Amino acid sequence: RRAGGLAVQIDPPHRLVVDLVQFPLAAPRQVVPSQLVPALQARLGVVEDARGSAHAVRDKSFLMAGKTGTAQIPTPYGHYDFNQTNASFIGWGPVDDPRFMVYVWLEKPSASIWGSETAAPTFSRVVQRLVVLLDIPPDPVRFQAATGP
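Residues numbered from 1 in each chain as written. Predicted model: local features only at pLDDT ≥ 70, side-chain atom pairs only at ≥ 80, totals over all residues. Heavy atoms only, no water.

Moving on to the pattern of salt bridges. Scanning the entire structure with this criterion turns up one salt bridge. One salt bridge in this structure joins Asp139 and Arg142, with 2.5 Å as the shortest N-O distance. Of this pair, Asp139 and Arg142 both sit in helix H3 (residues 139-147), three residues apart, which is roughly one turn of that helix. (Salt bridge = Lys/Arg side-chain N within 4 Å of Asp/Glu carboxyl O. Helix = DSSP H or I, 4+ residues; strand = E, 2+ residues; numbered from the N terminus.)

Listed below in C-alpha cells is the structure:
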C-alpha cells in the first residue's frame, strides 16, 4: 500500500512550492483509545476555538484541529535566547473524517517568534492547496452528500 504526502518548500521571496509525493504506508494501528479521541480533538481546538492561539488560520470550508508550538533555543551558555525560537504547528482535518495531517516546523522564523503567527499561517497556506490536490470537498458539500438532499 502507498499513500500520498506533500513535499513543501518555501522559496524566497515567500513563494510556497507544494508537490504531491508517494510513500509506503505502514499498517494502521490505534495509538489512542477510541473513547479518548473526541476529548483529544476538543483539547486541540486552537483552530476552531475563538480563544485558541491559531484561530486566525481557520478555514470556513473545513473543521480542523491543531496545536501551535513555540520553543526557545538554548544557547551555548546554558540559558535560552528569548528572541529566537523554533515555531511549529501540527494540524489535521476534516475533524470528522481525517484525510490529512500537516506538520510545519520553522527554524528561527524572522517575522515573529510565535508559532501562532508564523507556522500556523504556513499550515493554512499548505492546506488550501492540499485539499485541492486531494480533492476533498468542503464540509457542507460532504455533509449534504452524506445525508442526501
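Let us now look at the environment of Pro38. Looking at the secondary structure, you find Pro38 in helix H1 (residues 37-43). Sequence separation between Pro38 and Asp96 is 58 residues; the distance between their C-alpha atoms is 9.7 Å.

This paragraph deals with unusual backbone geometry. With an omega dihedral of -20 degrees, the bond running from Gly93 to Pro94 counts as a cis peptide bond. Tracing the backbone shows Pro94 in the loop between strand S4 (80-93) and strand S5 (100-107). Here the phi dihedral of Lys108 falls at roughly 50 degrees; this positive angle occurs in a residue that is not glycine. Owing to a relative accessible area of 44%, Lys108 belongs among the partly exposed residues under this scheme. For Asp135, which is not glycine, the phi torsion reads 55 degrees and is therefore positive. With respect to the element layout, Asp135 can be found in the loop between helix H2 (119-133) and H3. Among the residues examined, Asp135 registers a relative accessible area of 65% and is labelled exposed. (Buried < 20%, exposed > 50% of the residue type's maximum accessible area, 1.4 Å probe, protein only.)

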